[in-house]
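Structural characterization, general
This is what each chain is made of:
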Amino acid sequence: MAAQGEGAPARAKSEQFDAVIVGAGFAGMYMLHRLRGLGLTARVFEAGVGVGGTWYWNRYPGARCDVESLEYQYGFSDEVQRGWTWSERYAAQPEILRYQNYVADKLDLRRDMRFETRVTSATYDEHTGLWTVETDKGDSVSARFCIMATGCLSAARVPDFEGLEDFQGDWYHTGGWPHEGVDFSGKRVAVIGTGSSGIQSIPVIAAQAAHMTVFQRTANFTLPAGNRPLTQGEIARSKETLLEDRKHARETPGGIICFEYNETLAGDLTPEARERELDTRWNQGGFAFLGAFGDLMATHEANDIAADFAREKMRASVKNPDVVEKLLPFDHPVGVKRLCLDTDYLQTFDQPHVDLVDVRETPVERISKKGVVCGGREYEADAIVFATGFDAMTGALLAIDVTGRGGAKLKEKWAAGPRTYLGLGSAGFPNLFFITGPGSPSVLSNMIVSIEQHVDWITDCVKRLTDGNIRSIEPTREAEDAWVSHVNELASETLYPQANSWYMGANIPGKPRVFMPYTGGVNVYGEKLAEVAAADYEGFRLGA
Ligand code: FAD
Ligand code: N01
């Protein structure tokens, strides 16, 4: 395997390409491959030292996927998939990163990538029809197309706790974990945050630490992942059917085929049938649980049945009577914050060296020299782990100073919430594409399926423009307004907006509360994408 960035030619400060791609995660890697297939030139800029995106940055103990490995992989090439064999049902971060590096080697992607380079601005010039992209390394390159593969969960966020700079121990964010790993042996560790990252890392860190204090603001629904080695039979079957499976995945709401959604409404099932359905799906592990009834994500009546079931299962997993009730979520419907999959998370709180501090009523006040202060008490720690999440969906994108027609700033345009047509583009910003942007199924789906769906669509669109000698494409205001309304309306028919989730931007003080992903499903969304393209990009304005 080539070392990251090895063999890269000397940096030219001012170059022109057909396209600039920002980010070298799953999205940026595949986008580069497809543009090369059109015979176009492209430059990828990536802030990290290597490819991988999420899996490059999130190296915390216990990190693994929650969509099964056999589905959480590229599905565009038989040759690529046949050369790789997954070991576990839910691959751990090092294995996923090795896979991404395998793909980068196989497709020889790195020669068009510049690592350790953060894009700072992207500016559209109406006269030349080119984007100028600038980086923190002093590059200024121009390109006809600017493609943001910046990731929905790539802007890690440490809350603005007063006193952090004076903390005498070490601190870490799960989304920017040291490459060399961290040895917590003999240490007192404080963990703030109990979302997916906290729930995955807490059991593993607790196994090493001398003492652990977990600060929980919201108890989350979590179910056993049921991780295990894959069997030879599963691996062999997947190698034969992956490409076909991927086609089917695009025909499902979540881009996942390992379970089916039950369309029957909860009220149309007997209590025994409901219990059976929930039990089977709980034991299956993964997101199958949320597909138990047709109305599980739409009505409180149906959701409450699943939530009660989940709480009972969770309650039965903890013996410690002092913490069990605190670990149960009562303040939001199940599934409206991302469901967590765990390996022995709840059981961790039965260990005598692990304490749970509920910070819902008494928030973390500050970080002191010696630890975490809340409720007027100081909890001493040698290390603090912030599992506090991300400025999701818009954070990485808006950290770039994006300027469109007439000097319009994307950040200003999106001040009250993101405005896109199909999650792919925004009016006033010609030839600018977002991969899995707000307004698309994105984080509500198997992301690799959604990434491929977007990259394929963008590739066809770029081909249409270059073949047809068309200078630019951008959404019309009308199409964008209608799409934003449609996305909001669909979300309002679900229970999703009823939680303080990162889907809503609620985890970032001051961020507008707007439900950002499209809830209509990958399948319905895919049909819309195809219709738009077939009608010569209806809703977009094609510039001569
Ligand atoms: P990313 O992988 O986030 O890559 C974006 C890249 O852009 C980053 O490397 C970043 O450094 C770079 N970048 C951003 N801004 C700039 C800039 N200005 N200049 C230069 N570079 C920049 N999804 C699933 O479907 N299933 C899962 O099991 C799953 N597990 C996850 C586990 C964790 C711990 C996390 C955090 C997320 C998980 N996700 C999962 C979501 C995951 O983010 C996507 O599946 C997928 O990896 C996203 O790929 P991407 O290429 O779109 O973005
Ligand atoms: O982040 P989160 P994450 N004081 O935002 C708490 C994907 N992912 O990194 O819920 C105290 O979910 C916050 O509390 P609250 C997946 O899509 C997947 O865990 O806001 N606490 C919450 O408990 C996931 O959803 C996997 O009340 C504070 C936690 O920090 C997404 O990434 C693994 C606080 C943040 O949880 C993000 O997950 C990891 C404060 N000031 C990630 N601020 C898989 O399993 C925040 N919190 C595949």
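All of the points below concern the structure found in this document. These numbers come from a predicted model, not from an experiment.

Parameters and conventions
Residues numbered from 1 in each chain as written. Chains lettered and ligands numbered in written order. Predicted model: local features only at pLDDT ≥ 70, side-chain atom pairs only at ≥ 80, totals over all residues. Heavy atoms only, no water. Pairing = 2+ DSSP bridges. Helix = DSSP H or I, 4+ residues; strand = E, 2+ residues; numbered from the N terminus. Axes fitted to C-alpha atoms, helices over the stretch in contact; angles between N-to-C directions. Contact = heavy atoms within 4.5 Å. Near = heavy atom within 4 Å. Polar contact = N/O pair within 3.5 Å; in protein donor to acceptor, adjacent residues only side chain to side chain. Areas by Shrake-Rupley, 256 points an atom, 1.4 Å probe, with all protein chains shown as cover. Nonpolar A, V, L, I, M, F, W, Y, C, P; charged D, E, K, R; others polar. Phe/Tyr/Trp six-rings, centres within 6.5 Å; stacked < 30°, edge-to-face > 60°. Buried < 20%, exposed > 50% of the residue type's maximum accessible area, 1.4 Å probe, protein only.

Quick look at the sheet that holds strand β7 (residues 170–173)
A sheet is described by the order of its strands in space; here 5 strands give the open sequence β7-β16-β8-β9-β12, paired in parallel fashion. Since the sheet does not close on itself, it has two edges, and those belong to β7 and β12 (354–358), each with one partner. Ignoring strand direction, the axes of neighbouring strands in this sheet form an average angle of 15 degrees. The pairing of strand β8 (residues 188–192) with strand β16 (residues 383–386) spans 4 bridges and is parallel. Bridged to Val189 within β16 is Ala383. The sheet contacts of helix α5 (residues 196–206) involve β8, β9 (211–216), β12 and β16, and relative to β9 the element is tilted by about 165 degrees.

Some words on the site of ligand 1
The environment of ligand 1 is formed by 33 residues, the closest being Glu46, Thr54, Asp66, Tyr72 and Met447. Interatomic distance of 3.0 Å between a side-chain N/O atom of Trp57 and an oxygen atom of ligand 1. Here a nitrogen atom of ligand 1 sits 2.8 Å away from a polar atom, N or O, in the main chain of Val119. When ligand 1 is considered free in solution it has 980 Å² of accessible area, and contact with the protein chains removes 95% of it. Elements that contribute at least two residues to the shell around ligand 1 include exactly α1 (26–37), α2 (54–57) and α11 (447–467). The biggest single contributor to the shell around ligand 1 is α2, with 3 residues. Broken down by class, the residue content of the shell around ligand 1 amounts to 18 nonpolar, 12 polar and 3 charged.

Description of the sheet that holds strand β14 (residues 371–374)
The 3 strands are arranged β13-β14-β15 in an open sheet whose pairing can be described as antiparallel. On the outer flanks of this sheet lie β13 (364–367) and β15 (377–380), each paired with one strand and no other. Each strand axis lies, on average, 25 degrees off the axis of its neighbour in the sheet, ignoring direction. The sheet contact formed by β14 and β15 spans 4 bridges and is antiparallel. Within β15, the position partnered with Cys374 by the bridge is Arg377.

Thoughts on the pairing of β13
If a strand is regular, its side chains alternate between the two faces of the sheet. In the sheet, β13 pairs with β14 via 3 bridges, with the strands oriented antiparallel. Each bridged residue has a counterpart across the sheet, and for Val364 the counterpart in β14 is Cys374. Hairpin remark: β13 followed by β14, antiparallel, with 3 residues in the connecting loop.

Overview of the packing of aromatic side chains
What the rule picks out here adds up to 38 aromatic pairs. On the basis of an interplanar angle of 45 degrees and a centroid distance of 6.0 Å, the ring pair of Tyr30 and Tyr74 is categorised as tilted. Separated by 44 residues along the polypeptide, Tyr30 in helix α1 and Tyr74 in the loop between α2 and α3 (78–82) bring together distant segments of the chain. The class of Tyr30 is buried, set by a relative accessible area of 4%. Owing to a relative accessible area of 2%, Tyr74 belongs among the buried residues under this scheme. With centroids separated by 6.3 Å and ring planes inclined at 40 degrees, the aromatic side chains of Tyr74 and Tyr99 adopt a geometry described as tilted. Of this pair, Tyr74 sits in the loop between α2 and α3 while Tyr99 sits in helix α4 (residues 93–106), and the two are 25 residues apart along the sequence. Look at Tyr99 and you get buried, because its relative accessible area is 0%. Through a chain of ring-to-ring contacts, the aromatic side chains of Phe26, Tyr30, Trp55, Tyr72, Tyr74, Phe76, Trp84, Trp86, Tyr99 and Tyr102 assemble into a single cluster.

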